[in-house]
Amino acid sequence: MTDAPTRIWRRVERRLTGRFTVAMRPPILQLMKAAGSAILTWFACLLLFPGELPIFGAIAALIVVQDNVDQSLTRGIERVVGVLIGVSVALGAGALFGPQAWLFIAAIIVAMAVGWLLRMSPTSTNQIAISALLMIALGGLQLGYGFERLIETAIGAAIGVVVNAMVVAPVRVLPVQTAISDLTQRSATMLRRVGDALAQPRDQGWLAEMHTEARTLQSERSRVHALLRQARESLRLNPRGGRYRRALADADELFQRLQPITIQIVGMSRAVHDLYSPDLVDDPSVIGMVEEIRRAAHDLEGLGRADAPGEPAPEPPALTAPYTIPRPDPDHWVLIGSLMEDLRRVRGRITGELE
């Protein structure tokens, strides 16, 4: 049995490592491309400037190789602009104060002030300060030296962008398709759970668990939002993007239909949780509604499988004509009416009648 100090240490270790580790390792290809870009930059800059170590260029190449080509271009421009201003700050500080021991402090203050005045991002502002410090540390306070470092940085940034674009440029469409398919199946499961709540008497614990599970659809929907944004960025400026744009557009279209469905399902879960009564299961209107909810869940599952690669063809839709209740229940009409309206909206989204 694990003793208390060991458990505490493991908990502290998880919290510490969680600050600089990720749940999934980045693709090894991206790391190899970053290393390869830095090496190519190193030798290219040595040929152009044989007397200097191309540290600025290697750093730029490493920074520029990002998760997608669009981000690489952004980081490349950011790095070049940062070096340009940082070199200017170092040269200006050197011209004003000379090679003083406190020149580093002056360069940092001036670099941060310039970045703030130009409304640059914190990352870009840090690039200015780092470039200025490197200029001073390497002893290059001459205009020619600064110009060479700027060219070197531009070479590293260009090599990083080209390598990231031409060597299997990252595409993030498949994770989106998988996440949307999972969200669709999860939504169908939760819709079926709402029907199960009305099929037989349930206690408050069961209802609370059902509603808690339904609310997780909100976080899953936000996750798909983030993945869609990453997928769009991965196709921008991507030489391989043309063949994936149609698939991403289809996935986005399905997600736009799915979003309001998840909202309705969470609302149905909330209504059942708050207004539930055990005698609902004996109401003839509710008995018929349970069947329609289950049919809607069946068709929602088919909606997610319709275009999924490798999935069997979906079964024919099970939805009948819209379910109607001729006379509202005097005790439960609020819950029944709310569920009926939500079910109507869900049905309309599944069939495409509501856009």
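Residues numbered from 1 in each chain as written. Predicted model: local features only at pLDDT ≥ 70, side-chain atom pairs only at ≥ 80, totals over all residues. Heavy atoms only, no water.

Colleague: Residue-level account of helix α5 (residues 103-117), with values.
Modeller: Taking 1.5 Å per residue as the helical rise, α5 with its 15 residues ought to reach 21 Å, and the 21 Å between its terminal C-alpha atoms agrees with that figure. By the burial criterion, the buried members of α5 are L103, A106, A107, A111 and G115. For α5, the angular spread of the buried residues around the axis is 155°, confining them to a single face. Pointing more than 90 degrees away from the buried face of α5 are the exposed residues I105, I109, W116 and L117. Taken together, the buried residues of α5 touch α4 (69-97) and α6 (122-137). Positioned one or two residues after α5, R119 has a phi angle of 60°, which is positive. (Helix = DSSP H or I, 4+ residues; strand = E, 2+ residues; numbered from the N terminus. Expected span 1.5 Å × (residues − 1). Buried < 20%, exposed > 50% of the residue type's maximum accessible area, 1.4 Å probe, protein only. Arc of directions from axis to C-beta. Contact = heavy atoms within 4.5 Å.)

Colleague: Residues and numbers for the packing of α4 against helix α7 (residues 143-166), please.
Modeller: One way to put it is that α4 packs onto α7 with a least axis distance of 9 Å and a crossing angle of 175°. Overall, the two elements α4 and α7 adopt an arrangement that is roughly antiparallel. Between α4 and α7, the contacting residues are V69, S72, L73, G76, R79, V80, V83, L84, V87 and L91 on the first element and L143, G146, R149, L150, T153, A154, A157, V161, N164 and A165 on the second. Each residue belonging to the contact of α4 with α7 can be placed in one class, and the counts come to 13 nonpolar, 5 polar and 2 charged. (Axes fitted to C-alpha atoms, helices over the stretch in contact; angles between N-to-C directions. Parallel < 35°, antiparallel > 145°, perpendicular 65-115°, else oblique. Nonpolar A, V, L, I, M, F, W, Y, C, P; charged D, E, K, R; others polar.)

These figures capture arrangement, not role.
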